[in-house]
Amino acid sequence: MTSRILVVDDDTALAEMIGIVLRTEGFEALFCADGAQAVDEWRASRPDLVLLDLMLPGMDGIEICTRIRAESGVPVIMLTARSDTADVVRGLEVGADDYIVKPFNPKELVARIRTRLRPAPQAETEVLRVGDLTIDVDAHEVRRGTAPIALTPLEFQLLVALASKPQQVFSREMLLEQVWGYHYKADTRLVNVHVQRLRAKVELDPDNPRIVMTVRGVGYRAGSVS
Amino acid sequence: MAANPPTRAVTALWGGPSAWSDTISASWRSSMRFRATAITLMATSLAIFVICVVIALVIRSDLFESRKDEALHNARAAVSAAQKQLDSGQTGDDRATIAAVWGEAQRVLGRTASSSRIVGFISETQGDGYTPTGFRSLEYSSNQMTISDELHTRVTQVRNRQAWQSIPLPQSDGSEAAGIVVGQLLEFRGVGTYEVYIAYDLIDADETLLFVQRTLWFAGITLVALIAAISWLVLRSVSAPIIEAAETSERLAAGDLEVRLPVHGEDELASLGRSFNAMADSIQSQIKELAELSLVQQRFVSDVSHELRTPLTTIRLAAEMINDTREDFDPVTARTAELLHTQVQRFETLLADLLEISRYDAGSVQLEVEATSLAQLAEEMVDQLRPLAAAHDTELRLVAPGGYSPVDMDPRRVRRVLRNLIGNAIEHGEGEPIIVTVDSDQRAVAVGVRDFGLGMRPEDAEHVFDRFWRADPSRKRTIGGTGLGLSIALGDAKLHRGTLEVWSELGIGTNFVLTIPRSPDVEVGRGPVPLEPEESVVDLVDVTEPITLRGVRDLIDDVGHADREEAEPESADADAEHAKPGPDDTREQSS
């Protein structure tokens, strides 16, 4: 089954070129050039992944990402001309999974898309426990007691990565490689922002985390089972 | 005005006279007000001193004159009263009568002379009867009054004329007081002529004089002090605005463009204030204009860079797509695709560097600091660049006697600087080995990249950090830097509050040293890795012998061992491929 990717970019030449690259790699590309119509387009087509330009006419990428996240955990990759601005952090904070800085090469784009579309890694056990949470890996479900907690695929992957090796401390670089598929030094803000988002959803008190613990100077580890 | 009066004053107080004179001479040099007050003080002191002395002298002579006149008057009255007595009482020349008359005359004399110091001598005898020899008053004793011959002569010469002379008068307490003695002849008709001397002391006059002098000096000193205080205060009204102007200029020079001088009235100081403020206004508006212009330019560069990115992304994607399928094309088109692909990449690098430079210009760069071991980072970079070095037949060697302990830095930027420096060294190193040295001291860590290639003239070396500058425009580019790499590297070094310095000599090679302080507020000073080689390579190698790779390597080992007593983990015959020290070994040795 081919994955369907919604490309939201007002530059039609770039959108078309991305479309060519995606089709060459066996994806199906859908386009939207107007920010104001992007959310409707997304609702109508229900793609497997969204490539979202940050600067759009009508409605900016941050707002679109916020609205999509309100309804779905679909992978969102931002396209941005600036990596150093607050826009990137804001995009990550409203739930974008990853970002690519223009100009990018096709291999990089495809690698980022494939990482986000690949199925979650198989854990050795089907059910993981961390803190007072139960993670059903196969069912892609996290529960506190009987109440399910809705996580995006990325957040789920992050939690599973930590929970599957509860004794291990993960550095940000390790998580970048395991969850985001970066094999070189990348932006550790990705990890920081998504750990915060994950904590906001799974922790009873995000200021005093029990599920995703910070190991000062090293990284993160899963909280002990309670 | 002395900028540091409190400490200066304290040291002066405790430092003795030399410190005092130092303080005074320092104040003299640095304080207009002090100088002007001191000059005023000295001039008025001199004037008042002279005036006081003159007044004192005049008063003294006046007092003396009046006292003298009084003494002469008294003496004359007394002598004439005694003369009258003698004239009237003369009745016979028998001894008893003469003695009685003489005694009466003496009493009159004592009563009217207003002095107890009276003495008489027989000067000339008349007749041949009884002649009293002389007399002296009760308090008189012979050693109390000395009559000089001169006075005696003057008294005896002219009858009925007074003569006087100043003499010291011994007092009962043994001291001497100033006095005058008045002499006159007293004629005892039929008996003889007597010289009568009456002495008057000037104690009263002296006391008056002393009092007047005291008053004069007190008034003089008070006047001097008053003038000093007044001139100090008056000068303050002049010097305070000058000091304020100086301070304001300093603040303006330090960059506070908002400061202005307060302007009061219409005088010279007000006009100084007005011109100063006009100057400040002009400077401020020009700087503002320049800043706005530069801001517009920076924004323009940044915007252009960003606007170029979207079409460049499309071009890059297209070029990659075409390049990936170039096997399907004929050779000419395939080569064209390849060229397109590489040049798009170069264009992209250039754009990225331009954008980075525009960020530095806009001051919008922030460090992402992380505790990083510079030695390990350098080792990673050397390993990463070894294939590139091998492609240029160049040997990369890492010497790291120190620099293992983590120091706060932005590893991404330091890595970029090192990549740039090593890349440059490979490009210009002429295949000679490249030595990367990492070391640290208490204040800083540093990494040096030394090549033994073409080198540059010192005047060229000054320009290596200039944007788009190339030492030799005809020199071919093999690695394809953008011409911005070293400018960015220098910007990175400055962001770390460190330094990036270059040493280069034509035909000998080039050395770049990046020094990063252990904490931002530490001055790096000389730095742990020396910039210039201790001894020129040419001096060490026999010049007739060509500098071979072997020779240089031996040489460097020699120099290295001579410099550092602690054993380096590499030996002279170490295999070039394993020339870098194992970090673990070195850490053990250095700890």
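Residues numbered from 1 in each chain as written. Chains lettered and ligands numbered in written order. Predicted model: local features only at pLDDT ≥ 70, side-chain atom pairs only at ≥ 80, totals over all residues.

Participant: Which residues make up the overall build of chain A, and what values do they have?
Facilitator: If you tally the helices and strands in chain A, you get eight helices and twelve strands. For chain A, buried positions account for 40% of its 226 residues. Once local pairs closer than 6 in sequence are excluded, the contacts in chain A between residues at least 24 apart make up 56%. (Helix = DSSP H or I, 4+ residues; strand = E, 2+ residues; numbered from the N terminus. Buried ≥ 20, exposed ≤ 12 C-beta atoms within 10 Å, placed from the backbone. Contact = placed C-beta atoms within 7 Å.)

Participant: Quick one: what's the story with the overall build of chain B, residue by residue and with numbers?
Facilitator: When helices and strands are counted, chain B shows 14 helices and twelve strands. Within chain B, the proportion of its 591 residues that are buried is 28%. Residue pairs in contact within chain B that sit at least 24 positions apart in sequence constitute 65% of those at least 6 positions apart.

Participant: Tell me about helix 8 (residues 374–391) of chain B, residues and numbers included.
Facilitator: Residue and element names in this part refer to chain B. In this model helix 8 runs 26 Å from its N-terminal to its C-terminal C-alpha over 18 residues, within 8% of the 26 Å that 1.5 Å per residue would give. Where helix 8 bends most, the angle comes to about 45 degrees, and this point is Leu385, followed within four residues by the proline Pro387. Along helix 8, the residues that are buried comprise Leu374, Ala375, Ala378, Met381, Val382, Leu385 and Ala389. Where helix 8 ends, the next residue or the one after it, Asp393, has phi of about 55 degrees, a positive value. (Expected span 1.5 Å × (residues − 1). Bend = angle between axes of the 7 residues up to and from the residue.)

Participant: Could you give an account of the sheet that holds strand 6 (residues 127–130) of chain A, naming the residues involved and the relevant values?
Facilitator: Residue and element names in this part refer to chain A. Strand order in this open sheet of four strands is 6-7-8-9, and the pairing throughout is antiparallel. Looking along the sheet, the strands with just one partner apiece sit at the ends: strand 6 and strand 9 (147–149). Strand after strand, the sheet turns through a mean of 30 degrees between neighbouring axes, direction not considered. Where strand 7 (residues 133–136) and strand 8 (residues 141–144) come together, four bridges link them in antiparallel fashion. Each residue of the ladder has a partner; that of Thr134, found in strand 8, is Arg143. In this fold helix 6 (residues 153–164) packs onto strand 6, strand 7 and strand 8, with an angle of close to 80 degrees to the strand it touches most, strand 6. (Pairing = 2+ DSSP bridges. Axes fitted to C-alpha atoms, helices over the stretch in contact; angles between N-to-C directions.)

Participant: Which residues make up the interface of chain B and chain A, and what are the values?
Facilitator: Taken residue by residue, the interface counts 13 residues in chain B and 15 residues in chain A. Ranked by residues supplied to the side of chain B that touches chain A, first place goes to helix 6 (residues 268–324) of chain B with eleven residues.

Participant: So, the confidence of the model for chain A: which residues are in play, and what are the values?
Facilitator: Summary statistics for chain A give a mean pLDDT of 87 and a share of 95% for residues scoring 70 or more. Per-element mean pLDDT across chain A ranges from 84 in helix 4 (residues 86–93) of chain A up to 94 in strand 1 (residues 4–8) of chain A. (pLDDT = per-residue confidence, 0-100.)

Participant: Which residues make up the pairing of strand 11 (residues 212–215) of chain A, and what values go with them?
Facilitator: Residue and element names in this part refer to chain A. When strand 11 meets strand 12 (residues 219–222), the two strands line up antiparallel, connected through four bridges. Its bridge partner lying in strand 12, Met213 is registered against Arg221. Taking the residues that link successive antiparallel strands as the turn, the strand 11-strand 12 hairpin has three residues, and the phi of Gly217 there is positive, at about 80 degrees.

Participant: Requested: an account of the pairing of strand 12 (residues 509–517) of chain B, with residues and values cited.
Facilitator: Residue and element names in this part refer to chain B. With nine of nine residues buried, strand 12 is to be regarded as a mostly interior element. A two-sided burial pattern is seen for strand 12, the buried positions comprising Gly509, Asn511, Val513, Thr515 and Pro517 on one face and Thr510, Phe512, Leu514 and Ile516 on the other. Of the pairings in the sheet, the one linking strand 10 (residues 444–451) to strand 12 comprises eight bridges and is antiparallel in character. Counted as the bridge partner of Val445 is Ile516 from strand 12.

Participant: Account for the packing of helix 1 (residues 12–24) of chain A against helix 6 of chain B, with residues named and values stated.
Facilitator: As a packed pair, helix 1 of chain A and helix 6 of chain B sit with axes 9 Å apart at the nearest point and diverge in direction by 30 degrees. Of the possible angle classes, the one that applies to helix 1 of chain A and helix 6 of chain B is roughly parallel. Along this stretch, helix 1 of chain A crosses helix 6 of chain B, giving a crossing that reads as left-handed. Between helix 1 of chain A and helix 6 of chain B, the contacting residues are Ala13(A), Leu14(A), Met17(A), Ile18(A), Ile20(A) and Val21(A) on the first element and Thr310(B), Thr313(B), Thr314(B), Leu317(B), Ala318(B) and Met321(B) on the second. Split by residue class, the contact of helix 1 of chain A with helix 6 of chain B holds nine nonpolar, three polar and no charged. (Parallel < 35°, antiparallel > 145°, perpendicular 65-115°, else oblique. Left-handed = near helix turned anticlockwise from the far one by under 90°. Nonpolar A, V, L, I, M, F, W, Y, C, P; charged D, E, K, R; others polar.)

Participant: So what's going on with unusual backbone geometry? Residues and values would help.
Facilitator: The general pattern is negative phi for most residues beyond glycine and trans for most peptide bonds. In this chain, Lys102(A) is followed by Pro103(A) through a cis amide linkage whose omega measures -5 degrees. As for its placement among the helices and strands, Pro103(A) is situated in the loop between strand 5 (98–101) and helix 5 (106–117). The phi torsion at Arg46(A) lies on the positive side, around 45 degrees, for a residue other than glycine. Inspection of the secondary structure puts Arg46(A) in the loop between helix 2 (35–45) and strand 3 (49–53). Backbone geometry places Arg497(B), a non-glycine residue, at a positive phi of 60 degrees. Mapped onto the elements of the fold, Arg497(B) is located in the loop between helix 11 (485–495) and strand 11 (499–505).

Participant: Talk me through the sheet that holds strand 2 (residues 28–32) of chain A; I want residue IDs and the actual numbers.
Facilitator: All names here are of chain A. Judged by pairing direction, the sheet is parallel, and its five strands sit side by side in the order 2-1-3-4-5 without closing on themselves. Where the open sheet ends on each side, the last strands, each with one partner, are strand 2 and strand 5. For this sheet, the mean angle separating the axes of adjacent strands, direction not counted, is 20 degrees. As judged from the four bridges shared by strand 3 and strand 4 (residues 76–80), these two strands associate in the parallel manner. Directly across from Asp53, in strand 4, lies its bridge partner Leu79. In this fold helix 1 packs onto strand 1, strand 2 and strand 3, with an angle of close to 165 degrees to the strand it touches most, strand 2. Lying over the sheet, helix 3 (residues 61–71) contacts strand 1, strand 3 and strand 4, oriented at roughly 155 degrees with respect to strand 3.

Participant: Describe the nonpolar core, with residues and values.
Facilitator: One recurring pattern in soluble globular proteins: nonpolar side chains tend to sit buried together. All names here are of chain A. Formed by 66 residues in total, the largest nonpolar core has its most connected members in Val8 and Leu159. Here this core spans two domains, since at least three of its residues come from each of domain 1 (4–117) and domain 2 (127–222). Apart from the residues within four sequence positions on either side, Val8 is in contact with Cys32, Ala38, Val50, Leu51, Leu52, Asp53, Leu56 and Ile64. (Core = buried A, V, L, I, M, F, W, Y, C linked by C-beta atoms within 7 Å. Domains from an automatic or database assignment.)

Participant: Can you tell me about helix 6 of chain A, naming the residues and giving the values?
Facilitator: Under the 1.5 Å per step criterion, the end-to-end length of helix 6 of chain A is 16 Å for twelve residues, consistent within 8% with the ideal 16 Å. Of all twelve residues making up helix 6 of chain A, ten are buried, and the element is well covered by its neighbours.

Participant: How would you summarise the environment of Ala113(B) if you had to cite specific residues and measurements?
Facilitator: All names here are of chain B. With respect to the helices and strands, the residue Ala113 is situated in the loop between helix 3 (95–112) and strand 1 (117–125). Classification of Ala113 by C-beta neighbours within 10 Å gives buried; the count is 24. Separated by 34 residues in the primary sequence, Ala113 and Val79 have C-alpha atoms spaced 7.8 Å apart. Not counting the four nearest positions on each side in its chain, Ala113 is found in contact with Asn74, Ala75, Ala78, Ile118 and Ile198.

Participant: Account for the environment of Ser148(B), naming residues and giving values.
Facilitator: Inspection of the secondary structure puts Ser148(B) in the loop between strand 2 (134–136) and helix 4 (149–157). For the pair Ser148(B) and Gln165(B), spaced 17 residues apart in the sequence, the C-alpha separation amounts to 8.7 Å.

Participant: How would you explain the packing of helix 8 of chain B against helix 9 (residues 411–428) of chain B if you had to name every residue and give the values?
Facilitator: All names here are of chain B. Close contact between helix 8 and helix 9 brings their axes to 10 Å; oriented N to C, the two are set at 35 degrees. Considering the relative orientation of helix 8 and helix 9, their crossing is right-handed. In this structure, helix 8 contributes Leu377, Ala378, Met381, Leu385, Leu388 and Ala389 to the contact, and helix 9 contributes Pro411, Val414, Arg415, Leu418, Arg419, Ile422, Gly423 and Ile426. For the contact of helix 8 with helix 9, the class distribution of residues is eleven nonpolar, one polar and two charged.

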